[in-house]
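Results of the structural survey
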Amino acid sequence: MNLKKALTKDTISLDIKSSSKEEVIEEMIDILVSAGKIKDRKSALNVVIEREKKMSTGMQNGIAIPHGKTDTVETLVAALGVKSEGIDFDSIDGKPSTIFIMTISPANRTGPHIQFLAEISRLLNDPATRQKVLTAQSKEEVVDTLQL
Amino acid sequence: MDHIPLSFATLASAIAEPAAGGGAELGHLMTRLILQLAVILVASRLGGGLFDRLFKWPRVLGELAAGMLIGPFALGAVPLPGLGPLFSAESGPIPLSPELYGLATLASIVLLFLSGLETDLATLLRYSFVSSIVGIGGIVFSFSLGAMSAVWFGVADGFMDPRALFLGAISTATSVGITARLLSEKRKMGTPEGVTILGGAVIDDVLGIVVLAVVVGMAKAMRGGEQLDWGPIAAIAAKAIGFWAGCIFLGLTLAKRITRVMKMFGSAESIAVLSLGIALLMAGLSEMAGLAMIIGAYIAGLSLSRTDLVNELQERIAGLYSFLVPVFFCVMGMLVDFSSMRGVVVFGLVYSLIAILAKVLGCGLPAWLMDFNLKGALRIGAGMLPRGEVALIIAGVGLSTGVIGPDIFGVSIMMTILTTIIAPVILLKSFDDTSGVKANRKQVGQEVECIKLDFPTMDIAEFLMTRIRKAFRNEEFFVHRLHADLGTYQIRKDDMVFTLIQDDRSIVMNADKHYQHIARLILLEEILSLQDLLDSVKQMKSPDSMGSELLAGLFGGD
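A short tour of the structure in this document, coming up.

Here's the deal with the overall build of chain B
For chain B, the helix and strand inventory stands at 19 helices and seven strands. When each of the 558 residues of chain B is scored for burial, the buried share is 51%. Across chain B, every contact between residues at least 6 apart in sequence was considered, and the portion connecting residues at least 24 apart equals 74%. When the accessible surface of chain B is totalled, it reaches about 25,600 Å², and 66% of it is carbon and sulfur.

This is the structure:
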């Protein structure tokens, strides 16, 4: 699976400013908008929030995977954000979330969309990899760690 | 000057006559072949159906019996008005026309190509240890006892006599299809015994073909009947194994690239046709390398079995398979010369008994020494004992190359029939609800994660099954129904393989631990999407008003 195409340096932020779940989602969407990956900010934001309403995407060990599907994107787009202090993301284990992976994928096109999320979550399930991403000094380091 | 036109006329007629004569002969040959095929198709279908309905025996046996009945040594020899005998016994090792035998050869290639496609290398690697030992035990016992029985009965001069080697090889290959059908009917496929049998059968397939490769190589070198020294034997074995291993390595390495190129042709039909072309090419190359054609066909199938095209290919080839394979079994039955079997009936019975004992002991003993109790070991031994298509193909190769005579060929058919009839009887008796695993052992196959979801009604489970299959297809997985009546699906992409089963109100997904996160996330998203569906149902008009609209005016007549 080609993680490299979807996640590039311009969609990685090692310094997430927000301090609430809603703000993080907006900030991540803005990263994708600034990188030119999303044209319709409103609809992308809407699908991610709707998905969060069904069940929080805050997983275990500080990982959150907010995502959604909309036909306003042509292919899967992805962003990665880090906030080492962590914020409350209603995670399954109740721990604050520190690494955020956001994907927006086309609703009516086939492709390894959920598989992408699953693969990256599996990589971050390893404590050493997680630690490397959390303490990374540059975006290149994150790319190298995830072997993108 | 007159000579010239005369010469031309003579020359012209000399050319024309054989052509016209040859054309008529060819036309006659083709008419006979077409009529033979028509009779074979109808007889095999009737025979298969009759055996299935009357005795609940596998259709294969009915097809074999139909072949024996209509063959050149029975009804086929009866002259028909204007045609003569439909299947007159031809001279040479094969008592049938080369055209008809050619069709049976094509059928055996298709059969082994599909068998290779169905070989689940992932299963082989996953349940490696216990299954491997069980499979290897079965092969070693069957081969040695099969070959030795030939020596004991004076059929062969020694263990290295080609006839003994062929009888060993014929006794080796398990045909697990009958066992798999029984296990899935009794819902025992997922038991440790079921898993071990299926894993062991894969090893059996792979190693069985290697044994055949070596035996055919040796038999071809020993055509004169003389025995070989150990040096040339080792060279032949090394060549056979080298060809086998080299082709498998190349096949598995290049398979993904080849399928990528094939995908450029777009349609699934084109891909299936190209794949069959590859199988035939490999079969031909294998024969040219001094091995049997089916080895190349099996390697082609095995190589493509690791690609994501495998299920599409299986489905496309299935049509050709269902047409050709009954022809194959029927033709194999037709080769049985009853008169030549008079002197070998006792040997046939003993050989069959030895073939049964060899698998029960060869597979059961290692199972008993490892994870299973006596009952479990018996179940595994019984599950591995049916022989089928590969035994018949090897016997056919032996007959066509003149290594074995019609008597030994008949013995092989006898053994195939007896093991196929006896295996289900023992299996059904041995599979009750007691455990077959030793009390102090862990369950085998625990590397597979079992994800179970329970729903309030069967309707919801059924509905979700459809949605889940669609979700996996959307993620570009191939979804393939395994058993039409059981609601079991195999879902695969690259080397990821999941099994999706609906069991009443539950949905069960078996996933390799390494890839379970993908299965879990896709399942989660699908279940959450139900919320959208519920919301949209709420937006629907009330069922009452929809009902009224539907029925409006229907009973309004005065």
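From this point, the discussion proceeds with the structure in view.
Concerning the overall build of chain A
Helix and strand counts for chain A come out as six helices and five strands. Tracing chain A from N to C terminus, the helices and strands come up as α-β-α-α-β-β-β-β-α-α-α. Expressed as a percentage of the 148 residues in chain A, the buried residues total 53%. Within chain A, contacts between residues separated by at least 24 positions form 67% of all contacts whose residues are at least 6 apart in sequence. Summing over all exposed atoms, chain A offers an accessible surface of approximately 6,800 Å²; the carbon and sulfur share of this is 48%.

Focus on the interface of chain B and chain A
In this complex, chain B contributes 17 residues to the contact, which on the side of chain A involves 15 residues. Taken over both partners, the interface formed by chain B and chain A buries close to 1,500 Å², and the fraction arising from carbon and sulfur atoms is 62%. Here chain B and chain A share two salt bridges between them. Put simply, Arg 51 of chain A and Glu 525 of chain B hold a salt bridge, and the shortest N to O gap is 2.9 Å.

Comments concerning the pairing of strand β7 (residues 506–512) of chain B
All names here are of chain B. For β7, the tally of buried residues reaches five of seven residues, placing the bulk of the element in the interior. In terms of strand pairing, strand β6 (residues 496–503) meets β7 through six bridges, oriented antiparallel. Of the residues in β7, the one forming a bridge with Thr 499 is Asn 510.

A few points about the packing of aromatic side chains
Residue and element names in this part refer to chain B. A full pass over the atoms with the stated rule returns 11 aromatic pairs over all chains. Both rings, one in Phe 477 and one in Phe 498, keep their centres 5.9 Å apart while their planes meet at 35°; by these two values the pair is tilted. Pair noted here: Phe 477 is in the loop between α17 (458–474) and β4 (478–483) and Phe 498 is in strand β6, with a separation of 21 residues, a long-range link. Judged on exposure class, the residue Phe 477 and its partner Phe 498 are both buried.

Comments concerning the layout of surface pockets
Looking at the second largest pocket, its volume works out to about 780 Å³. Forming the boundary of the second largest pocket are 26 residues, of which Lys 54 and Lys 69 of chain A together with Glu 525, Ser 529 and Asp 532 of chain B lie nearest the centre. Of all the secondary structure elements, the ones that give two or more residues to the lining of the second largest pocket are α3 (41–54), β3 (67–69), β5 (97–105) and α4 (113–124) of chain A together with α17 and α18 (516–539) of chain B. Per element, the largest residue contribution to the lining of the second largest pocket is seven residues, and it comes from α18 of chain B. For the lining of the second largest pocket, the residue count by class is eight nonpolar, eight polar and 10 charged.

Conventions adopted
Residues numbered from 1 in each chain as written. Chains lettered and ligands numbered in written order. Predicted model: local features only at pLDDT ≥ 70, side-chain atom pairs only at ≥ 80, totals over all residues. Heavy atoms only, no water. Helix = DSSP H or I, 4+ residues; strand = E, 2+ residues; numbered from the N terminus. Buried < 20%, exposed > 50% of the residue type's maximum accessible area, 1.4 Å probe, protein only. Contact = heavy atoms within 4.5 Å. Areas by Shrake-Rupley, 256 points an atom, 1.4 Å probe, with all protein chains shown as cover. Buried area = accessible area lost by both parts, 1.4 Å probe. Salt bridge = Lys/Arg side-chain N within 4 Å of Asp/Glu carboxyl O. Pairing = 2+ DSSP bridges. Phe/Tyr/Trp six-rings, centres within 6.5 Å; stacked < 30°, edge-to-face > 60°. 1 Å grid on protein atoms, 1.4 Å probe; cavity = no way out; pocket = protein on both sides within 12 Å on 5 of 7 lines; lining within 4 Å. Points joined across faces, edges and corners; volume = space filled by probe spheres on them. Nonpolar A, V, L, I, M, F, W, Y, C, P; charged D, E, K, R; others polar.

Taken by themselves, the reported measurements are silent on function.
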